[in-house]
Amino acid sequence: MSGPLVLGIESSCDETGVGIVRGHELLANEVASSVEQHVRFGGVVPEVASRAHLQAIVPALRRACATADIDLSEVDAIAVTAGPGLMGALVVGLSAAKALAVALNRPLYGVNHLVGHVAVDVLDHGPLPQPCAALLVSGGHTSLLAVNSITSDITELGATIDDAAGEAYDKVARLLGLSYPGGPVIDRVAAAGDPRAIAFPRGLTATKDLAKHRFDYSFSGLKTAVSRWVEIRRRDGLEVPMADVAASFQEAVCDVLTAKAVDACEHLGVDTLLIGGGVAANSRLRALLEERTAERGITLRRPRPALCTDNGAMIAVLGSEVVGAGLRPSSLELGANPGLPVSTVLVGADRNGR
Amino acid sequence: MNSLVLGIDTSATVCAGVAGAGVVLASGSVPDSRAHAEQLMPLVQRVLAEAGTGLSELEAIAVGVGPGPFTGLRVGVAAATVLAETLGIPVRGVCSLDVLAVQAVEGGLVGAAEFVVATDARRKEYYWARYDPSGRRLDGPHVSSPQDLPELPRVGAVTDAPLALDAGRLAAIANDLPDAGLEPLYLRRPDADVPATRKSTLLPPRVTTRRVR
Ligand SMILES: [Zn+2]
């Protein structure tokens, strides 16, 4: 026996994910993305994402069972993202998960999406040393976490006070005339540029900001600085050196992400840093983190890129951890919570002890 | 054969009901129109218990696919399709207004003339469809402002003859209604703006004003 067979459903943003795990073993990870439908809007449109989730959920369920070579009746527990995320998107996955739990007569666990990003790495690299620090970076979130126990004790050290890092990439890509999503395309264009060509600002790193926002991030000032710089060049009839702008922007983002994450490890006295979220696939972020963690003897853990972006396996494996810890299932009256705090790993335990 | 059917509709409030051989065995609704995702499955369990049956006894599922508020609508359709998938039984989508039309005819709310079923579409608009005196849909569903509706007797939530959907009736008559598919009847495109040209981030020219004494 190698742990419970858990099916996880994720629908917090624009990815419909169904994952199946047995304990820490990944059996299936089916993801249907609506990203292409959002391209012309330059960002995720909630109603478009919600409609796509409803179309994708049953086919994703079928594919996941086929890939894992299991029958739904074998599933021991259902886990689902209860938040944070887009309300209209979350309720599609939640309704599907409840229907599954009722039809199969299995327990339902409504879990935290952000904690799923942390938990997923056990599928690739085994049990997570705890305590550790985690840096989650994507189009929807940028947060720095202290992980004492993945099922019961996670605190947010800091987060972005305005745009998420991935959102800054999207906005800068748009103003440079590059495609959406911005992360991969800027990463590619930046490879040919000089990261020191332009000194863009590092948000919340000045001494006066550090007092109050030591572990917080801000990217909206950086985005404005890039925009102004480009606009002045254009106004003056000068050519915009795309590669240098992309590289310098990327350097500013990755420098501050990395510096604060390493500072958090030292502050917590932990020797493991985990990174997750879509931006964790960024080549410069990875290189800088590897360099700076190695200097300080910190072990860097990063799941394979397919597990960094939103997916159902991260929810399934967090469900598996929660089942393993003996926590009580959620009530069938569980609701979606768009602003669910990261400290709430499992939502709405059933008071009747179902 | 008693052909047990579970009916679900979330186009307005949360409704669920059970019918066997065309007879309503149980029907319930939760008036709160905001917490669809919270309330639907507990209600399904309640009506099944009331009907003295269980999910494993069901032979089909019928679901109202609207029109109605999008988020609530998706709760019902997601639940119905996943229940059917898991139980290995068929699921049929029907237009929620068609169910209201049949209820209106059965309840004697309409006479020998054609009539319109109209519900609240918010933004000062109605969802509506036109029916013959027997409750068969002739036109619609549409979404438009109230003055665009045909000059015919009206029934439904926004009219003088309000009518609440009965999911037990939905389950009983679903097979006799037109198949509406399993895509919600959105009738409106998603609210989304393609970004306009970038706004300037350069400061506007400084204008100094002097106070006139
Ligand atoms: Zn995420």
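Rules behind the numbers
Residues numbered from 1 in each chain as written. Chains lettered and ligands numbered in written order. Predicted model: local features only at pLDDT ≥ 70, side-chain atom pairs only at ≥ 80, totals over all residues. Heavy atoms only, no water. Helix = DSSP H or I, 4+ residues; strand = E, 2+ residues; numbered from the N terminus. Rg over C-alpha atoms; globule rule 2.2 N^0.38 Å. Buried < 20%, exposed > 50% of the residue type's maximum accessible area, 1.4 Å probe, protein only. Contact = heavy atoms within 4.5 Å. Areas by Shrake-Rupley, 256 points an atom, 1.4 Å probe, with all protein chains shown as cover. Lys, Arg positive; Asp, Glu negative; His and termini not counted. Charge placed at Lys NZ, Arg CZ, Asp CG, Glu CD. Phe/Tyr/Trp six-rings, centres within 6.5 Å; stacked < 30°, edge-to-face > 60°. Lys NZ or Arg CZ within 6 Å of the ring centre and 35° of its normal. Domains from an automatic or database assignment. Buried area = accessible area lost by both parts, 1.4 Å probe. Polar contact = N/O pair within 3.5 Å; in protein donor to acceptor, adjacent residues only side chain to side chain. Nonpolar A, V, L, I, M, F, W, Y, C, P; charged D, E, K, R; others polar. Donors = N, O, S within 2.8 Å, 3.2 Å for Na, K, Ca; no water. Tetrahedral: all angles 85-135°; square planar, octahedral: opposite > 155°, others 65-115°. Pairing = 2+ DSSP bridges. Axes fitted to C-alpha atoms, helices over the stretch in contact; angles between N-to-C directions. Salt bridge = Lys/Arg side-chain N within 4 Å of Asp/Glu carboxyl O.

### Describing the overall build of chain A
Here's step 1: Each helix and strand in chain A was counted, giving 13 helices and 11 strands.
Here's step 2: A compact globule built from 354 residues would reach a C-alpha radius of gyration of about 20 Å, and chain A, at 20 Å, matches this within 12%.
Here's step 3: If one aligns the C-alpha atoms of chain A with their principal axes, the spans along those axes are about 65 × 45 × 30 Å.
Here's step 4: Within chain A, the fraction of its 354 residues that count as buried is 60%.
Here's step 5: Within chain A, counting contacts between residues at least 6 apart in sequence, those at least 24 apart form 73% of the total.
Here's step 6: Working note: accessible area of chain A is about 12900 Å², and carbon and sulfur atoms make up 49% of it.
Here's step 7: Between the averaged position of the 31 positive side-chain charges in chain A and that of its 39 negative side-chain charges there is a distance of 4 Å.

### A short note on the packing of aromatic side chains
Two descriptors summarise a pair of aromatic rings, namely the distance from one centre to the other and the angle between the planes of the rings.
Here's step 1: In total, this model carries five aromatic pairs over all chains according to the counting rule given.
Here's step 2: Between Tyr169 of chain A and Phe249 of chain A the ring centres are 5.1 Å apart and the planes differ by 75 degrees, which places this aromatic pair in the edge-to-face class. Pair noted here: Tyr169 of chain A is in helix H6 (residues 165-175) and Phe249 of chain A is in helix H10 (residues 242-268), with a separation of 80 residues, a long-range link. The two residues Tyr169 of chain A and Phe249 of chain A agree in class, both being buried.
Here's step 3: Between Phe200 of chain A and Trp229 of chain A, the aromatic rings sit 6.5 Å apart at their centres with planes inclined by 85 degrees, giving edge-to-face as the arrangement. Of the two residues, Phe200 of chain A sits in the loop between helix H7 (182-190) and helix H8 (207-213) while Trp229 of chain A sits in helix H9 (residues 220-235), which places them 29 residues apart along the sequence.
Here's step 4: For Phe200 of chain A, a relative accessible area of 5% puts it in the buried group.
Here's step 5: What makes Trp229 of chain A partly exposed here is its relative accessible area of 25%.
Here's step 6: Geometry around Phe70 of chain B places Arg51 of chain A over its ring, the cationic atom sitting 4.9 Å from the centre.
Here's step 7: Positioned above the aromatic ring of Tyr217 of chain A, the side-chain terminus of Lys260 of chain A is 5.9 Å from the ring centre.

### Some words on the domain arrangement of chain A
Residues and elements named next belong to chain A.
Here's step 1: If you check the domain split of chain A, you get domain 1 (5-120 + 311-347) and domain 2 (130-303).
Here's step 2: Taken together, the contacts link 22 residues of domain 1 with 17 residues of domain 2.
Here's step 3: Buried area between domain 1 and domain 2, both sides added, is near 1600 Å², and the carbon and sulfur share of it is 74%.
Here's step 4: Sorting the residues of domain 1 by area buried against domain 2 places His117, Val118 and Val342 first, and these three jointly supply 35% of that buried surface.
Here's step 5: Remark: the boundary between domain 1 and domain 2 carries two residue pairs in polar contact (both at pLDDT 80 or more).
Here's step 6: Mapped onto the side of domain 1 that touches domain 2, the elements with two or more residues apiece are helix H1 (35-38), helix H4 (113-119) and helix H13 (312-324).
Here's step 7: With six residues, the top contributor of residues to the side of domain 1 that touches domain 2 is H4.
Here's step 8: Each residue belonging to the side of domain 1 that touches domain 2 can be placed in one class, and the counts come to 15 nonpolar, six polar and one charged.

### A short note on the coordination of the zinc ion
Residue and element names in this part refer to chain A.
Here's step 1: Every protein donor of the zinc ion is listed here as His113 (NE2), His117 (NE2), His141 (NE2) and Asp310 (OD), and their distances to the metal cover 2.1 to 2.4 Å.
Here's step 2: Considering all four donor atoms around the zinc ion, the spread of angles at the metal, 87 to 157 degrees, places the coordination shape in the irregular class.
Here's step 3: Counting the intervening residues between successive donors of the zinc ion yields the motif H-x3-H-x23-H-x168-D. Of the two residues, His117 is situated in helix H4 and Asp310 in the loop between helix H12 (305-308) and H13; the sequence distance between them amounts to 193 residues.
Here's step 4: With a relative accessible area of 0%, His117 lands in the buried category.
Here's step 5: Accessibility expressed as a relative area gives 11% for Asp310, which makes it buried.

### Details of unusual backbone geometry
For residues other than glycine, phi is negative in most cases, and the peptide bonds are mostly trans.
Here's step 1: With an omega of -10 degrees, the peptide bond between Gly83 of chain A and Pro84 of chain A qualifies as cis.
Here's step 2: Along the chain, the position of Pro84 of chain A falls in the loop between strand S4 (77-83) and helix H3 (87-104).
Here's step 3: Here Gly140 of chain B and Pro141 of chain B are connected by a cis peptide whose omega angle stands at 5 degrees.
Here's step 4: Tracing the sequence through the fold places Pro141 of chain B in strand S8 (residues 137-144).
Here's step 5: The phi dihedral of Asp69 of chain A falls on the positive side, at around 55 degrees, and the residue is not glycine.
Here's step 6: Position of Asp69 of chain A relative to the elements: it lies in the loop between helix H2 (46-68) and S4.
Here's step 7: The phi torsion at Arg122 of chain B lies on the positive side, around 60 degrees, for a residue other than glycine.
Here's step 8: Tracing the backbone through its elements, the reader meets Arg122 of chain B in the loop between strand S6 (115-120) and strand S7 (126-131).

### What about the sheet that holds strand S6 (residues 132-137) of chain A?
Residues and elements named next belong to chain A.
Here's step 1: Strand order in the open sheet formed by five strands is S8-S7-S6-S9-S10, and the pairing between neighbours is mixed. Each having just a single partner strand, strand S8 (153-159) and strand S10 (299-301) make up the two edges of the open sheet. Between one strand axis and the next, the sheet turns by 25 degrees as a mean value, whatever way the strands run.
Here's step 2: Direction of pairing for strand S7 (residues 142-149) relative to S8: antiparallel, over a ladder of six bridges. Paired with Ser149 across the two strands is Asp153, which belongs to S8.

### A few points about the interface of chain B and chain A
Here's step 1: Between chain B and chain A, the residue contacts involve 35 residues of the former and 38 residues of the latter.
Here's step 2: Surface buried jointly by chain B and chain A totals about 3200 Å² across both partners, of which 67% is contributed by carbon and sulfur atoms.
Here's step 3: Where chain B touches chain A, the interface holds two salt bridges.
Here's step 4: With a closest N to O distance of 2.8 Å, Glu85 of chain B and Arg62 of chain A form a salt bridge.
Here's step 5: Taken together, chain B and chain A are joined by five residue pairs in polar contact (both at pLDDT 80 or more).

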